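Single-letter residue listing:
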Amino acid sequence: MNIRHAFFLLAGVVALILTWPNAFAWMAAGGNILNPVQFFGDAMAPGGTAAFLSIDMAIAWLVFMVWVLFDAKRIGLGYKIGVLFILLSYIGVSMAFPLWLVVRERYLARQERPATAEVAHAV
């Protein structure tokens, strides 16, 4: 664990703490968190800043879902891990994205270690 990973994880936890009380209130009023069309539609309805942020977040979420699926496969973690992070993003992209960065960086670092060790022994 390094400082960057700790920051990413802390940001994800803070995001959950700050966002989910609003999600619970919205669901108590009849919202369905598993229906992104309803979710973003309700968020955009007031217009202005709410619409701007909702549209921005919806596009960022879509990009994250596509990227994480193919990135997980590309680096060797496989599609199942990509799908897992897509599902986690329903809890919150601001939680899933930092967690993905930590998992991704740690996995890549583990992949580099054996190659680095082999080079050291060869010299």
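Note: the structure precedes this text.
Below is a summary of the structure that appears in this document. Keep in mind that this is a model prediction, so the values were computed, not measured. (Residues numbered from 1 in each chain as written. Predicted model: local features only at pLDDT ≥ 70, side-chain atom pairs only at ≥ 80, totals over all residues. Heavy atoms only, no water.)

### What about the environment of Tyr107?
Our working rule: Elements are defined by DSSP. Helices are runs of H or I of four residues or more, strands are runs of E of two residues or more, and each kind is numbered from the N terminus. Classification of residues uses two cut-offs on accessible area relative to the type maximum, computed with a 1.4 Å probe and protein chains only: under 20% is buried, over 50% is exposed, and between them is partly exposed. In this description, contact between two residues means that some pair of their heavy atoms is separated by no more than 4.5 Å.
When you line up the elements, Tyr107 lands in helix 5 (residues 93-122). Since its relative accessible area comes to 12%, Tyr107 is described here as buried. Distance in space between the C-alpha atoms of Tyr107 and Gln38 is 36 Å, their sequence separation being 69 residues. Filtering out sequence-adjacent residues up to four positions away, Tyr107 remains in contact with Ile75, Gly76 and Leu77.

### A word on the nonpolar core
Soluble globular proteins: nonpolar side chains tend toward being buried together. This is how the line gets drawn: We call a set of buried Ala, Val, Leu, Ile, Met, Phe, Trp, Tyr and Cys residues a nonpolar core when their side-chain atoms join them within 4.5 Å.
Grouped together as the largest cluster of nonpolar side chains are 16 residues, with contacts concentrated most on Trp61, Phe64, Val68, Phe85, Ile86, Leu88 and Trp100. Looking at this core, the elements with two or more residues in it are helix 3 (48-75), helix 4 (79-89) and helix 5. Counting residues per element, this core draws most heavily on helix 3, at seven residues.

### A look at the side chain of Arg104
Its location among the elements puts Arg104 in helix 5. On the accessibility criterion, Arg104 (18% relative accessible area) is buried. Ignoring anything within four residues of it in the chain, the contact list for Arg104 reads Trp67, Asp71, Arg74 and Ile75.

### Focus on the environment of Ser89
What counts is decided by this rule: Polar contact is the term for a pair of N or O atoms within 3.5 Å; when the atoms are in protein, one must be able to donate a hydrogen and the other to accept it, and sequence-neighboring residues count only if both atoms are side-chain atoms.
Here Ser89 shows up in helix 4. On the basis of relative accessibility, which here comes to 3%, the residue Ser89 falls in the buried class. A C-alpha to C-alpha distance of 14 Å links Ser89 and Val103, two positions 14 residues apart in sequence. There is a polar contact of 2.5 Å between the side chain of Ser89 and the backbone oxygen of Ile86.

### Topic: helix 1 (residues 3-28)
Short version of the rule: A helix's residues, less one, multiplied by 1.5 Å, set its expected span. Bend is computed residue by residue as the angle between axes fitted to the seven residues ending at the residue and the seven residues starting at it.
End to end, helix 1 covers 38 Å across 26 residues, agreeing with the expected 38 Å (1.5 Å per residue, within 8%). The largest bend in helix 1 comes to about 35°, at Thr19, with the proline Pro21 one to four residues further on. When helix 1 is considered as a whole, its buried residues turn out to be His5, Phe8, Gly12, Ala15, Trp20, Ala23 and Trp26. Its side-chain oxygen placed 3.0 Å from the backbone nitrogen of Arg4, Asn2 serves as the N-cap of helix 1.

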